[in-house]
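Chain and residue survey
The primary structure of each chain is shown beneath.
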Amino acid sequence: FPIVNVLNVPFINATQQAFLDAVEHRIDTRQTTFVVTANPEIVMYARQHPSYQTLLENADYVTPDGIGIIKGAEILKTPLPERITGYDTMLALLAWGNQRQRSVYFVGAKQEVITDLKRVVANRYPHLKVLGARNGYFDDFAPIADDIAQQQPDMVFLAIGFPKQEELIAAYQHLNHGLWMGVGGSFDVLSG
Ligand code: UDP
């Protein structure tokens, strides 16, 4: 996609549907794919933290998560078509994965949220293969990354909040030939 820079963060200039099509194609062709849905808080954080800025520059897709980014792009006279949020993207990909019998791995949120999430997902997306569902209160991500590397899920959703979720993805993404996306508080929303 063409890129629109907002305060040096490279956002994709794409509709939500075109973005989903591209991500689904990359999952189908087993390409490691790192998506960051960046809100204004993330953009401001990247200005203060060069390593996070580099991480955004190296992600496969950075999407505008929030009306503030859309407004900013408009003011800069390089408009973006619409918001692409982490929560909406996750729901769209779970529905797609359910139709195609794809596999998913969830990491993040509190144990009771994960327990509820497993039930909600099994009900709503019965054909989705849930290869792992772990809470986000671990000391060491390495054993979880080993399990992901072993199982090769089509999609990994990490819901432990920014910047840590993106930092872990940047460090471990090479271990799985699939989608990695940080989704913040999305498990709390979907499970409740
Ligand atoms: N969380 C977690 N492990 C931690 C800290 C937080 O799994 O060590 C979870 C928390 O339970 C919540 C999510 O991360 O589900 C953070 O959501 P928030 O909306 O604050 O994310 P942000 O908008 O900061 O990315």
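Described in the following lines is the structure provided in the data block. As the structure is a prediction and not an experimental result, all values here were calculated from the model. (Residues numbered from 1 in each chain as written. Predicted model: local features only at pLDDT ≥ 70, side-chain atom pairs only at ≥ 80, totals over all residues.)

Once that is clear, we can look at the overall build of the protein. If you tally the helices and strands in the protein, you get 9 helices and 8 strands. A principal-axis box enclosing the C-alpha atoms of the protein has dimensions of 45 × 35 × 30 Å. Buried residues in the protein amount to 38% of all 192 residues. Pairs at least 24 apart in sequence give 72% of the contacts found in the protein among residues at least 6 apart. (Helix = DSSP H or I, 4+ residues; strand = E, 2+ residues; numbered from the N terminus. Buried ≥ 20, exposed ≤ 12 C-beta atoms within 10 Å, placed from the backbone. Contact = placed C-beta atoms within 7 Å.)

Bringing the site of the ligand into the picture now. Near the ligand there are 13 residues, and of these Ala 109, Gly 136, Gly 161, Gly 184 and Gly 185 occur at the shortest range. The residue inventory of the shell around the ligand, partitioned by class, reads 6 nonpolar, 5 polar and 2 charged. (Near = placed C-beta within 6 Å. Nonpolar A, V, L, I, M, F, W, Y, C, P; charged D, E, K, R; others polar.)

Let us look at unusual backbone geometry. Cis peptide bonds are those with omega within 30 degrees of zero, and the linkage from Phe 162 to Pro 163 qualifies with 0 degrees. Residue Lys 77 is not a glycine yet carries a positive backbone phi of 65 degrees. Of note, Lys 77 is situated in the loop between α4 (67-75) and α5 (86-100). In this model, Ala 109 sits at a positive phi of 70 degrees, which is unusual for a non-glycine residue. Given 28 C-beta atoms within 10 Å, Ala 109 falls into the buried group.

With burial as the criterion, only one face of strand β1 (residues 3-6) is covered, namely that bearing Val 4 and Val 6; the residues Ile 3 and Asn 5 on the opposite face remain uncovered. Here β1 runs beside strand β2 (residues 9-12); their pairing, made up of 4 bridges, is antiparallel. Across the sheet, the residue bridging to Val 4 is Phe 11, located in β2. (Pairing = 2+ DSSP bridges.)

Moving on: the sheet that holds strand β3 (residues 33-38). Spatially, the 6 strands line up as an open sheet ordered β4-β3-β8-β7-β5-β6, and their pairing is parallel. Two strands in the sheet have a free side with no partner beyond their single neighbour: β4 (61-64) and β6 (129-134). Sheet twist, expressed as the average angle between the axes of neighbouring strands with direction ignored, equals 15 degrees. As judged from the 5 bridges shared by strand β5 (residues 103-108) and strand β7 (residues 155-159), these two strands associate in the parallel manner. The residue bridging Tyr 105 from the neighbouring strand is Val 156, located in β7. Set on the sheet, helix α1 (residues 16-28) makes contact with β3, β4, β7 and β8 (179-182); between it and β3 the angle comes to about 155 degrees. (Axes fitted to C-alpha atoms, helices over the stretch in contact; angles between N-to-C directions.)

The next subject is α1. Since the α-helix advances by 3.6 residues per turn, residues separated by three or four positions end up pointing in the same direction. The end-to-end C-alpha separation of α1 is 18 Å, in line with the 18 Å expected for 13 residues at 1.5 Å each. Where α1 is buried, its residues contact β2, β3, β4, β7 and β8. Two residues or fewer past α1, Arg 30 is found with a positive phi of approximately 55 degrees. (Expected span 1.5 Å × (residues − 1).)

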